[in-house]
Amino acid sequence: MSKRPLNVGLVGGGKGAFIVQPHQKAIFFDGTRRVTAAALFPEPKVALEEAANWPYPLKGYGSYDDMIAANASLPEEQKLDYVVIVTPNHVHYDPAMKALKAGIAVFCEKPLCMNLKEATDLVKAVRKYEVPFGVAHTYLGHWTTRFSRYIVQAGLLGEVRWVDSCYLQGWLATKLEATGQMQAAWRTDPKLAGGSGCGGDIGTHALMQLRYVTGLEVVELSGHLEAFVEGRPLDDHFTTYCKLSNGGKALVRASQICIGRKNDLELNVAGTKGSLRWRQEEPESITIHLANQPDRVYWRGAVAAGDGFLPKEVPAALLAEPTIPAGHPEGFHDAYARLHRCFEADVRKWEAGEPFKCDGAKYANVEDGWTGIAFIETALRSTKSKGAWKPMPKPI
Ligand SMILES: NC(=O)c1ccc[n+]([C@@H]2O[C@H](COP(=O)([O-])OP(=O)(O)OC[C@H]3O[C@@H](n4cnc5c(N)ncnc54)[C@H](O)[C@@H]3O)[C@@H](O)[C@H]2O)c1
């Protein structure tokens, strides 16, 4: 197994881009991964200029086609171990597919791509080429999300009856895109964002949080995609009422017109024995509510097995997942780092010819990405039929 840090190539990230910043911090976080190459901008000249002026040395390419093509002839020390795709949604499929075909592992931003046809092609390609593929559903990387998953799936709350997974933002409450603001401009353009604005952007996070923590699937939904800001062609307010695979119900919803709300992703799970509450803006703890008992607040790193609610056999691997001691707060960057750390483990196994599992237990995989797109398309279909119940497509 190679002992050198893994080499990572960026697709996108130049000229004031947003999500490349947390990614590159997370890549360097452990000293076992580093960014070595990048195709930072759609125009080759600008891409090369941006790379030359990047805060640390990296090999700049004029395009991701050039970066992927060059990889085969690089010496082993310089070869890319994976690429991170941080471009707007319409530039996910093409670089992902080209990297897979070239035998390079892919960590791709969400939503996976623009439509279900692209998503299906990507699932098939990942299975055909047997290359590690992750989708950057950031909030799975919080330790408290892992812990919530354990609590719910160990049955400590009983049978899940009801889930409310809700992501509220306020930054698109006015027509920000009319000012040319880069992140707003592409997110409100169907040709660049896909069939849903708010739903694709943050509704997919709300869905993923529900699925990862509960292990349940949405089987049918009534969708209501709305645009409150006049003249906006995509939804800025996204509501789905869902039937779950165990017979329970859920609201999966998101909004970008809630003035003052920042990144208010909240998951509430109500079971037959108790309820759980998790908020991404306070990701260091979760609250458990039990009937006729004081609420229990569990902090990351300060959990005692066998405490009257938690059984004695809380998995050691969960408790030990590398972290700093409780009370030194973790946040968004730490969550990204945990995802990259777990992805690195699979990439190293794959490169060593060992079995690797992109099984969705540590980070979202290509099938999770597919489900996100299927969810959006089902919500769109339902909205067109005035909220009629529509079944989710069968997983491939
Ligand atoms: N997981 C999360 O929490 C999270 C948060 C924000 C954004 N995202 C996702 O990340 C992606 C990027 O979002 P953002 O807000 O950073 O966007 P952004 O507009 O800030 O950055 C996009 C970058 O891609 C570059 N780009 C566009 N086309 C390119 C091409 N053909 N070749 C090379 N570079 C190209 C742009 O120049 C820019 O540098 C989106 O898919 C978004 O949904 C995820």
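Residues numbered from 1 in each chain as written. Predicted model: local features only at pLDDT ≥ 70, side-chain atom pairs only at ≥ 80, totals over all residues. Heavy atoms only, no water.

Regarding helix α1 (residues 20-28)
- Listed as buried for α1 are V20, P22, H23, Q24, A26 and I27.
- In this structure, the buried residues of α1 make contact with β1 (6-11), β2 (33-39), β4 (82-85), β5 (105-108) and α11 (332-351). (Buried < 20%, exposed > 50% of the residue type's maximum accessible area, 1.4 Å probe, protein only. Helix = DSSP H or I, 4+ residues; strand = E, 2+ residues; numbered from the N terminus. Contact = heavy atoms within 4.5 Å.)

Remarks on the environment of V160
- Locating V160 in the fold gives a position in strand β7 (residues 160-168).
- Distance in space between the C-alpha atoms of V160 and K249 is 8.7 Å, their sequence separation being 89 residues.

Regarding the packing of aromatic side chains
- Per the counting criterion, the structure on display carries 14 aromatic pairs.
- A ring pair is formed by F107 and F343, whose centres lie 5.0 Å apart and whose planes are at 40°; its orientation type is tilted. Taken as a pair, F107 in strand β5 and F343 in helix α11 lie far apart in primary sequence, 236 residues in all. Here the two residues F107 and F343 agree in accessibility, since each one is buried.
- When the ring of Y139 is compared with that of F332, the centres are 6.2 Å apart and the planes differ by 50°; the resulting orientation is tilted. Remark: F332 occurs in helix α11 and Y139 occurs in the loop between β6 (133-135) and α6 (143-153); sequence separation between them is 193 residues.
- Classification of F332 as partly exposed rests on a relative accessible area of 25%.
- Ring pairs connect the aromatic residues Y82, F107, F343 and Y363, which therefore count as one cluster.
- It is R149 that lies over the ring of Y212; its NZ or CZ is 4.2 Å from the centre. (Phe/Tyr/Trp six-rings, centres within 6.5 Å; stacked < 30°, edge-to-face > 60°. Lys NZ or Arg CZ within 6 Å of the ring centre and 35° of its normal.)

Points about unusual backbone geometry
- Following K110, the chain continues into P111 via a peptide bond in cis, with omega recorded as -15°.
- Tracing the backbone through its elements, the reader meets P111 in the loop between β5 and α5 (116-129).
- Unlike most non-glycine residues, E130 shows phi in positive territory, near 50°.
- In this structure, E130 sits in the loop between α5 and β6.
- Although it is not a glycine, N292 adopts a positive phi angle of roughly 55°.

Description of the packing of α6 against helix α9 (residues 198-214)
- Look at α6 against α9: their axes get within 7 Å of each other, and the N-to-C directions meet at 50°. The angle between α6 and α9 falls in the class oblique. Contacts from T145, R146, S148, R149, V152 and Q153 of α6 reach α9 at Q209, R211, Y212, V213 and T214.
- Grouping the constituent residues of the contact of α6 with α9 by class yields 3 nonpolar, 5 polar and 3 charged. (Axes fitted to C-alpha atoms, helices over the stretch in contact; angles between N-to-C directions. Parallel < 35°, antiparallel > 145°, perpendicular 65-115°, else oblique. Nonpolar A, V, L, I, M, F, W, Y, C, P; charged D, E, K, R; others polar.)

Things to note about the side chain of T240
- Among the secondary structure elements, T240 is positioned in strand β9 (residues 237-244).
- The exposure class assigned to T240 is buried, which follows from its relative accessible area of 0%.
- Only 2.7 Å separates the side chain of T240 from the backbone oxygen of V252, close enough to count as a polar contact.
- If we ignore the near neighbours within four places in the chain, the residues touching T240 are L221, S222, G223, A250, L251, V252, F375 and A379. (Polar contact = N/O pair within 3.5 Å; in protein donor to acceptor, adjacent residues only side chain to side chain.)

Looking at the pairing of strand β10 (residues 249-255)
- Sheet topology note: the β7/β10 ladder contains 7 bridges and is parallel. Of the residues in β10, the one forming a bridge with W162 is K249.
- Two strands pair when backbone bridges link them, and β9 and β10 are joined in this way by 7 bridges, in the antiparallel orientation. Residue pairing for β10: C242 is matched across the bridge by A250.
- Taking the residues between adjacent antiparallel strands as the criterion, β9 and β10 are bridged by 4 residues, where G247 takes a positive phi near 95°. (Pairing = 2+ DSSP bridges.)

So yeah, pure geometry; function would need other evidence.
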